[in-house]
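Structural features, examined
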Amino acid sequence: MDIEAEIRALQLDSADNNATLIPEDAKPEEVEMTDKVEEEGMTDEVDTKSQPVQAEPKVKDKEVADMDCAEVPDEMESQKKRHLNVVFIGHVDAGKSTTGGQILFLSGQVDDRTIQKYEKEAKDKSRESWYMAYIMDTNEEERVKGKTVEVGRAQFETETTRFTILDAPGHKSYVPNMISGASQADIGVLVISARKGEFETGYERGGQTREHVQLAKTLGVSKLLVVVNKMDDHTVNWSKERYDEIESKMVPFLRSSGYNVKKDVQFLPISGLVGTNMKTRVDKNICPWWNGPCLFEALDSVEVPVRDPKGPYRMPIIDKFKDMGTVVMGKVESGSICEGDSLLVMPNKAPVKVLAVYCDEDKVRRAGPGENLRVRLSGIEEEDISSGFVLSSVVKPIPTVTEFTAQLQILELLENAIFTAGYKAVLHIHSVVEECEIVELLQQIDPKTKKPMKKKVLFVKNGAVVVCRIQVNSLICVEKFSDFPQLGRFTLRTEGKTIAVGKVTDLPSRSSA
């Protein structure tokens, strides 16, 4: 089966409010059967040009028009820097937290005194090489185990771009947290260890390198920087042969996962621990064969996804807390928000008013799509909000459903499992985590013709593409993938394993909005 053709065939033709579909122009290439784990229909991402955030006053969404907001200069525009959310993904111990910490140190976010304190703390724990990771891994459990548990968050800037770093956990026990981080990201940095044996462990079936790539693509991470870390390790010594070996194995897998390797993926070697080839290019005395950019240059060259500041407001809520009112956190996927706006918290249709908007640590009057915000609300209590709720436009609220139709790509079922009506799993869609059940298999897609098969389908196996109805226990907020890819793509997991990826193709006509 031609993997790239299969992926493209399942792409939806309809234009999306927030992204422009660009067909892949690369010629189909055969990949090994071991790499035939695809994410059909997920290649909606864009190759776009950066644009400043242009927020507009949401007069239609307010009970009373707040014309003053339209006259106030947008703080986000005044910064004149584009914004990107970057998630660090990869197998456990690849060096994600260390690389993230080194970026913060090199960009001046952490001073020498703090680094010396972390060095002493790591040495006291007999973990001398972990000190850079302590910048991102802030709680004691993470520092003792040397494993990221929660999604670390930090900011840094280059001359042209403001970056929000999302440091995702690598251990398979914390994949749900990794999904939460990746769902907020625009681009991904896949960290791979070049150390002998470590790359192989992460890349083999069951390793998190593979699962993280598949999940990132499903969750809308359209661009990927693949950093081959630990190049200074004594088993590697900046070996071009080792670097080429890793690249040659990763390219077919990335392609089978839906990435256009020529357009959307860039490889580069680094040492996260000592910072080589990160802020400045690696010295030719150390690595004479590398002629490409350093990590900061590569990040600066990534183009910002197209965003719609005038679309209906959508901000999936990832967290909430009390602070002089109810504060919700999340990434704006569409539209703009202004102090004084009247919005809805869905799915419970609670009307709220925006009291304050915070971007990073700064209070702003207005913010546009792509920003990670904290929003203080009135009209709702903190206990009445859950992760997975969506802060939504009043005029065009997000649909809420307990059932929807979806197209699924089965990746790898548990041993002896059969995918049929009655199959139960955990659904991850934007910030929603909900138990679900497959209530009916509607049709199977023929891998050769890409058309629905005529015969009735009772069950399917690994690699199948199937259209089915999925039911959840509670009302959830979703959008059709054709209308809103960010809120219409999802994964199914069971017993700690991702078994399928999919897209919402239809919502019941009775869905509330």
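The name recorded for the protein chain in an unreviewed UniProt entry is Tr-type G domain-containing protein, from Gossypium raimondii.

Details of the overall build of the protein chain
In terms of helices and strands, the protein chain carries 12 helices and 23 strands. Burial status across the protein chain gives 58% buried among its 513 residues. In the protein chain, of all internal contacts separated by at least 6 residues, the share reaching a separation of at least 24 is 74%. When the accessible surface of the protein chain is summed, it comes to about 21,400 Å², and 48% of that surface belongs to carbon and sulfur atoms.

A word on helix H9 (residues 208-218)
Counting buried residues in H9 gives 11 out of 11 residues, a clear majority hidden from the surface. Listed in full, the buried residues belonging to H9 are Gln208, Thr209, Arg210, Glu211, His212, Val213, Gln214, Leu215, Ala216, Lys217 and Thr218. Looking at the residues trailing H9, positive phi occurs at Gly220, about 95°.

Some points on unusual backbone geometry
Residue Pro347 is bonded to the preceding Met346 through a cis peptide linkage, with omega at 15°. One non-glycine residue with positive phi stands out, namely Asn237, at about 50°. Along the chain, the position of Asn237 falls in the loop between strand S5 (223-229) and helix H10 (240-256). Note on Asn237: relative accessible area 53%, which makes it exposed.

Describing the environment of Gly502
Take Gly502: it is sitting in strand S23 (residues 497-506). C-alpha separation for the pair Gly502 and Val467, spaced 35 residues apart in sequence, amounts to 9.4 Å.

Observations regarding the pattern of salt bridges
Under the criterion given, the structure shown has 21 salt bridges. Between Glu198 and Arg195 there is a salt bridge; the shortest N-O distance is 3.0 Å. Judged by its relative accessible area of 24%, Glu198 falls in the partly exposed class. In this structure, the salt-bridge partner of Glu412 is Lys497, at a minimum N-O distance of 3.7 Å. Of this pair, Glu412 sits in the loop between strand S16 (400-410) and strand S17 (419-420) while Lys497 sits in strand S23, and the two are 85 residues apart along the sequence. On the basis of relative accessible area, Glu412 is assigned to the partly exposed category, the value being 32%. Where salt bridges share partners, they join Arg195, Glu198, Lys230 and Asp233 into one cluster.

Brief notes about a nonpolar patch on the surface
A cluster of nonpolar side chains, Ile418, Leu458 and Phe459, forms an exposed patch at the surface whose accessible area comes to about 320 Å². The topology assignment puts Ile418 in the loop between S16 and S17.

With respect to the nonpolar core
With 64 residues, the main nonpolar core has Leu224, Met250, Leu254 and Leu299 as its most contacted residues. Tallying contributions element by element places H10 first for this core, with 6 residues. Non-local contacts of Leu224, meaning those with residues more than four positions away in its chain, are made with Ile89, Gly188, Leu190, Leu254, Tyr259, Asp264, Val265 and Gln266. Tyr423, Ile438, Ile470 and Val478 belong to the second-largest nonpolar core, a separate cluster that totals 30 residues.

Details of the sheet that holds S16
Read around the closed barrel, the 6 strands follow the order S16-S21-S19-S18-S22-S23; overall the barrel is antiparallel. Strand after strand, the sheet turns through a mean of 45° between neighbouring axes, direction not considered. When strand S18 (residues 424-429) meets strand S22 (residues 489-494), the two strands line up antiparallel, connected through 4 bridges. By the bridge assignment, Val426 is partnered in S22 with Arg493. The sheet contacts of H9 involve S22 and S23, and relative to S22 the element is tilted by about 145°.

A word on helix H4 (residues 96-106)
With respect to burial, H4 is a largely interior element, 9 of its 11 residues being buried. Here H4 has its buried residues at Lys96, Ser97, Thr98, Thr99, Gly100, Gly101, Gln102, Ile103 and Leu104. One or two steps after H4, the chain reaches Gly108, where phi turns positive at roughly 85°.

Some points on the side chain of Glu371
Position of Glu371 relative to the elements: it lies in the loop between strand S13 (366-367) and strand S14 (372-378). At 3.5 Å, the side chain of Glu371 forms a polar contact with the side chain of His83.

Notes on the packing of aromatic side chains
Within a pair of aromatic rings, the relevant descriptors are the distance that separates the centres and the angle that separates the planes. In total, this model carries 9 aromatic pairs according to the counting rule given. Taking the centre distance of 5.6 Å and the plane angle of 40° together, the rings of Phe156 and Phe296 count as tilted. With a gap of 140 residues between them, Phe156 in strand S2 (residues 152-157) and Phe296 in helix H12 (residues 295-301) connect regions that are remote in the sequence. The exposure classification of Phe156 matches that of Phe296, with both residues buried. Summarising the aromatic geometry, the rings of Phe404 and Phe490 are spaced 5.8 Å apart at their centres and angled 75° between planes, so their arrangement reads as edge-to-face. Of this pair, Phe404 sits in strand S16 while Phe490 sits in strand S22; the two residues are 86 residues apart in sequence, bridging distant segments of the chain. The residues Phe404 and Phe490 share a single accessibility class, namely buried. Through a chain of ring-to-ring contacts, the aromatic side chains of Phe156, Phe163 and Phe296 assemble into a single cluster. Cation over ring: Arg210 sits above Tyr203, and NZ or CZ is 4.5 Å from the ring centre. Here the guanidinium or amino end of Lys217 rests over the ring plane of Tyr259, the centre of that ring lying 4.6 Å away.

What counts as what
- Counting from 1, residues in each chain are numbered in the order their sequence is written.
- Note on the predicted model: pLDDT of at least 70 is required for a residue's local features to be given, and 80 or more for side-chain atom pairs to be given and counted; whole-chain, interface and lining totals, by contrast, use all residues.
- Calculation of side-chain values draws on the structure's entire complement of heavy atoms; hydrogens and water are dropped beforehand.
- What counts as a helix is a DSSP run of H or I of at least four residues, what counts as a strand is a run of E of at least two, and both are numbered from the N terminus.
- Each residue is placed in one exposure class: buried if its accessible area under a 1.4 Å probe, protein chains only, is under 20% of its type's maximum, exposed if it is over 50%, and partly exposed if it falls in between.
- Throughout, a residue-residue contact means that at least one pair of heavy atoms, one from each residue, lies within 4.5 Å.
- Method for areas: the Shrake-Rupley scheme with a 1.4 Å probe, in which residue coverage is limited to the protein chains shown.
- Only one rule defines a salt bridge in this text: a Lys or Arg side-chain nitrogen within 4 Å of an Asp or Glu carboxyl oxygen.
- Patch membership needs two things, relative accessible area over 30% and no salt bridge, and members are linked within 9 Å if like-charged or within 5 Å if nonpolar (Val, Leu, Ile, Met, Phe, Trp, Tyr).
- Residues enter a nonpolar core if they are buried and are Ala, Val, Leu, Ile, Met, Phe, Trp, Tyr or Cys, with the set joined through side-chain atoms within 4.5 Å.
- Whether two strands pair depends on DSSP finding at least two bridges between them.
- Axes, fitted as lines to C-alpha atoms, cover a helix only where it is in contact. Angles between the N-to-C directions of the axes lie from 0 to 180 degrees.
- N or O atoms within 3.5 Å of each other form a polar contact, as long as, within protein, one can give a hydrogen and the other can take it, and as long as residues adjacent in sequence are counted only when both atoms are side-chain atoms.
- Pairing of aromatic side chains requires ring centres within 6.5 Å, counting the rings of Phe and Tyr and the six-membered ring of Trp. Pairs whose planes differ by under 30 degrees are stacked, by over 60 edge-to-face, and all others tilted.
- In this scheme, Lys NZ or Arg CZ marks a charge over a ring once it lies within 6 Å of the ring centre and within 35 degrees of the ring normal.

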